Amino acid sequence: MKIARFSHQDVLRYGIVDDGELVVLEADPMFAGFETTGERVPLHDVALLAPVIPRSKVVCIGKNYHDHAAEMGGEAPAEPLMFLKPNTSVIGPGDAIVRPTTLSSQTDFEGELAVVIGRIAKNVPAERALDYVFGYTVANDVTARDLQRTDGQWSRAKGFDTFCPVGPVIETDLDLAAASITTRVNGEVRQNGPVSDMIHDVPALIAYASSVFTLLPGDLILTGTPAGVGPFAAGDEIEVEIDGIGTLRNTARDA
Ligand code: MG
């Protein structure tokens, strides 16, 4: 089931994608379930929004694919390398990624699978971790690469407004063993790798993150990027596609 959050006639709503239409939901399904209003709206009449705005945090995992750790010039760490993006960095499909050009001269894309947490999670063992997942969406862990190198920690490099595009929908039934990530810049493939190449898998990441933070419904876990990251410029169109979820498309501009 694919869940969208959308704007239609200036009202923000949730819906289930069904054959080119949205079956409108009464409220946010993460909190209110899947009761429908009885209305159907054509998909081409709506603007899709970020399918979730995290209430508290975006948890991110660095260097969770061996080939990406190698291209960054090192080994993958033995334990998940965890950092946060503020929820103010989240934007939706079609929104502009704004390059902070007065502070940074290199803004990179990182296509990633994002886990959407559905229930309050604290100290969840890996064996039960998937019970806490609402679904999965696509994310771009946009990074000011020069600031990441110079700052020593990554709050600025990863945290600018617009640095966390997510969407276009939440898929509640993704087959993690079959999914792969493809990132294109202006139509040219730059990243392509199976999600199953992840070093620490989704249950392990939920267990690890929830041993530190209480995860709230709507929190996101960005699970790391495969090899092929690189910079983009103003005017570039960046697409991150995960088969089974969809394509997240954003265009960049300069501040
Ligand atoms: Mg990343």
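Just so we're clear, the structure is a prediction, and the values are computed from it rather than from any experiment. (Residues numbered from 1 in each chain as written. Predicted model: local features only at pLDDT ≥ 70, side-chain atom pairs only at ≥ 80, totals over all residues. Heavy atoms only, no water.)

This paragraph deals with the domain arrangement of the chain. Its domain assignment divides the chain into domain 1 (2-48) and domain 2 (58-254). Domain 1 puts nine residues into the contact, and the matching count from domain 2 is 14 residues. Considering only the surface of domain 1 that becomes buried against domain 2, Lys-2, Ile-3 and Met-30 emerge as the three largest contributors, covering 65% of it. Where Glu-171 meets Lys-2, a salt bridge forms, and the shortest distance between an N and an O atom there is 3.0 Å. Where domain 1 packs against domain 2, one counts three residue pairs in polar contact (both at pLDDT 80 or more). (Domains from an automatic or database assignment. Contact = heavy atoms within 4.5 Å. Buried area = accessible area lost by both parts, 1.4 Å probe. Salt bridge = Lys/Arg side-chain N within 4 Å of Asp/Glu carboxyl O. Polar contact = N/O pair within 3.5 Å; in protein donor to acceptor, adjacent residues only side chain to side chain.)

The residue Asn-140 is located in strand S12 (residues 133-140) in this model. On the basis of relative accessible area, Asn-140 is assigned to the buried category, the value being 2%. (Helix = DSSP H or I, 4+ residues; strand = E, 2+ residues; numbered from the N terminus. Buried < 20%, exposed > 50% of the residue type's maximum accessible area, 1.4 Å probe, protein only.)

What follows covers the coordination of the magnesium ion. Protein coordination of the magnesium ion is provided by Glu-110 (OE), Glu-112 (OE) and Asp-141 (OD), with donor distances spanning 2.0 to 2.1 Å. Here the donor residues for the magnesium ion map to a single chain with the spacing E-x1-E-x28-D. In this pair, Glu-110 sits in the loop between strand S10 (107-109) and strand S11 (111-117) while Asp-141 sits in the loop between S12 and strand S13 (143-144), placing the two residues 31 residues apart along the sequence. Take Glu-110 and Asp-141: they sit in the same class, and that class is buried. (Donors = N, O, S within 2.8 Å, 3.2 Å for Na, K, Ca; no water.)

Okay, the sheet that holds strand S18 (residues 230-231) next. With antiparallel pairing, three strands are arranged side by side in an open sheet as S13-S10-S18. Where the open sheet ends on each side, the last strands, each with one partner, are S13 and S18. Relative to S13, S10 is paired through two bridges, and the arrangement is antiparallel. Bridge pairing links Asp-108 to Thr-143 in S13. (Pairing = 2+ DSSP bridges.)

A word on the sheet that holds strand S19 (residues 237-242). Taken in spatial order, the five strands make up an open sheet running S9-S20-S19-S15-S16, and their pairing is mixed. Bordering the open sheet on either side are strand S9 (96-99) and strand S16 (188-194), each of which pairs with just one other strand. If you compare each strand with its neighbour and ignore which way they point, the axes differ by 20° on average. For strand S15 (residues 180-185) and S19, the ladder comprises five bridges, and the chain directions are antiparallel. Bridge pairing links Thr-182 to Glu-241 in S19. (Axes fitted to C-alpha atoms, helices over the stretch in contact; angles between N-to-C directions.)

Evaluated as defined, the whole model comprises 17 salt bridges. Residue Arg-99 is joined to Asp-254 by a salt bridge in which the shortest nitrogen-to-oxygen separation is 2.5 Å. Of this pair, Arg-99 sits in strand S9 while Asp-254 sits in strand S20 (residues 246-254), placing them 155 residues apart in sequence. On the basis of relative accessibility, which here comes to 32%, the residue Asp-254 falls in the partly exposed class.

Among the five residues of strand S6 (residues 58-62), five are classified as buried, and the element is accordingly described as predominantly covered. A two-sided burial pattern is seen for S6, the buried positions comprising Val-58, Cys-60 and Gly-62 on one face and Val-59 and Ile-61 on the other. The pairing of S6 with strand S7 (residues 81-85) spans five bridges and is antiparallel. Along S7, the bridge assignment pairs Val-58 with Lys-85.

All right, on to the nonpolar core then. In this structure, Leu-113, Val-115, Tyr-136, Ile-206, Leu-215, Ile-221 and Ile-245 are the most contacted members of the largest nonpolar core, which totals 35 residues. For this core, the secondary-structure elements that each account for two or more residues are strand S1 (2-8), strand S3 (21-25), S6, S11, S12, helix H5 (202-210) and S19. When residues in this core are grouped by element, the largest group, four residues, is from H5. Residue-level mapping places this core at the junction of two domains, with at least three residues from each of domain 1 (2-48) and domain 2 (58-254). Counting 21 residues, the second-largest nonpolar core is a separate cluster that includes Val-23, Met-30, Ala-50 and Val-90. (Core = buried A, V, L, I, M, F, W, Y, C linked by side-chain atoms within 4.5 Å.)

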